[in-house]
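Here are the chains, one letter per residue:
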Amino acid sequence: MADMGNFWEDLRKQARQLENEIDLKLVSFSKLGTNYSAHNEFGSESAPLINKTSSEHMFETMAMEIEQLVSKLQEINDRMADYTQNISMSSPSAALLHTLQRHRDILQDYTHEFQKTKANITAIREREDLMGSVQRDISAYKNSSGLNRRSELYLKEHDHIRNSERMIDEQISVAMMTKDNMGSQKKMLSSISQRMNTVANRFPLINSLMQKVNLRKRRDTIIIASVIATCTIVLLLYAFH
């Protein structure tokens, strides 16, 4: 069982590592898209802001790298799904299912963001292929500073939100695992209590002896209470006479 747990943690470690790599790649890919957008918006009649051959090579290389990472992450998610189905004869815990669903959601978000950014850049490139002018380069140069600052702020805020979501997800996973552990301990204590009752029922002499001990304790308690009450009454009578 420990080996299975290590296998699950290893899969989670691989998934988180791939998610971090994809996140960094998407940020760079988004910056590339921002450069294309700024170039198209502020210089529709200018020459390309970046050398065309170099920018196309950069776009194709980054897109291929992200696709490979997404494919690897999909494979890890599939292996995690197989693990939850084959872990035991009983159904997997809620913590495992929640973790698996969270990784699937992250993969879906990354895939959607990648496809959207790729489509936007492709559309911009197609438009740029139809026009070119020096004015675009001049306009892009004048407006790039302010746009880049806004883009960096947006990217930092985006990273902060994603980090917050991951921390919340980790806390939820820990809480759910704690709940499962408490449930297991409750079942264990109930089983121990049932076993003790079974032992007592199997050995009547022990059960009878325990009952006699309890009766003797009760009798001694009653005797002591009677003596104390008698002494108290005698003291009160003595005090009032």
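Residues numbered from 1 in each chain as written. Predicted model: local features only at pLDDT ≥ 70, side-chain atom pairs only at ≥ 80, totals over all residues. Heavy atoms only, no water.

Draft legend 1. Molecular detail of the overall build of the protein. A tally of helices and strands in the protein yields five helices and zero strands. Secondary structure elements in the protein, listed N-terminal to C-terminal, are α-α-α-α-α. Of all 241 residues assigned to the protein, the portion counted as buried reaches 24%. Taking the contacts inside the protein whose residues are at least 6 apart along the sequence as the reference set, 88% of them involve residues at least 24 apart. For the protein, the accessible surface area stands at approximately 17300 Å², while carbon and sulfur atoms represent 59% of it. (Helix = DSSP H or I, 4+ residues; strand = E, 2+ residues; numbered from the N terminus. Buried < 20%, exposed > 50% of the residue type's maximum accessible area, 1.4 Å probe, protein only. Contact = heavy atoms within 4.5 Å. Areas by Shrake-Rupley, 256 points an atom, 1.4 Å probe, with all protein chains shown as cover.)

Draft legend 2. Inspection of the side chain of histidine 103 at higher detail. Topologically, histidine 103 is positioned in helix H3 (residues 94-128). Residue classification places histidine 103 among the buried residues on the basis of a relative accessible area of 4%. For histidine 103, the residues in contact, after removing those within four places along its chain, are Arg12, Ala15, Arg16, Glu19, Asn77 and Met80.

Draft legend 3. Inspection of the confidence of the model for the protein at higher detail. Taken over all residues, the pLDDT of the protein has a mean of 77, while the share at 70 or more is 74%. Scored below 50 in pLDDT, residues 42-50 shows 38 contacts in the model against residues more than four places distant or in partner chains. (pLDDT = per-residue confidence, 0-100.)

Draft legend 4. Fine view of a nonpolar patch on the surface. Taken together, the side chains of Met188, Leu189 and Ile192 define a hydrophobic patch exposed on the protein surface, amounting to about 320 Å² of accessible area. Along the chain, isoleucine 192 falls in helix H4 (residues 134-202). Judged by its relative accessible area of 40%, isoleucine 192 is partly exposed. (Patch = residues over 30% accessible without salt bridge, like charges linked within 9 Å, V, L, I, M, F, W, Y side chains within 5 Å. Salt bridge = Lys/Arg side-chain N within 4 Å of Asp/Glu carboxyl O.)

Draft legend 5. Spatial organisation of the pattern of salt bridges. Taken as a whole and assessed by the stated rule, the structure comprises five salt bridges. Between aspartate 23 and arginine 162 there is a salt bridge, with its nearest N and O atoms 2.0 Å apart. Of this pair, aspartate 23 sits in helix H1 (residues 2-42) while arginine 162 is found in helix H4, placing the two residues 139 residues apart along the sequence. Overall, the relative accessible area of 9% leaves aspartate 23 in the buried class. On the basis of relative accessibility, which here comes to 12%, the residue arginine 162 falls in the buried class. With a shortest N-O distance of 3.0 Å, glutamate 67 and lysine 118 are connected by a salt bridge. Of this pair, glutamate 67 sits in helix H2 (residues 52-86) while lysine 118 sits in helix H3, and the two are 51 residues apart along the sequence. Using a relative accessible area of 24% as the deciding quantity, one classes lysine 118 as partly exposed. The network of salt bridges with shared partners includes Asp23, Glu113 and Arg162.

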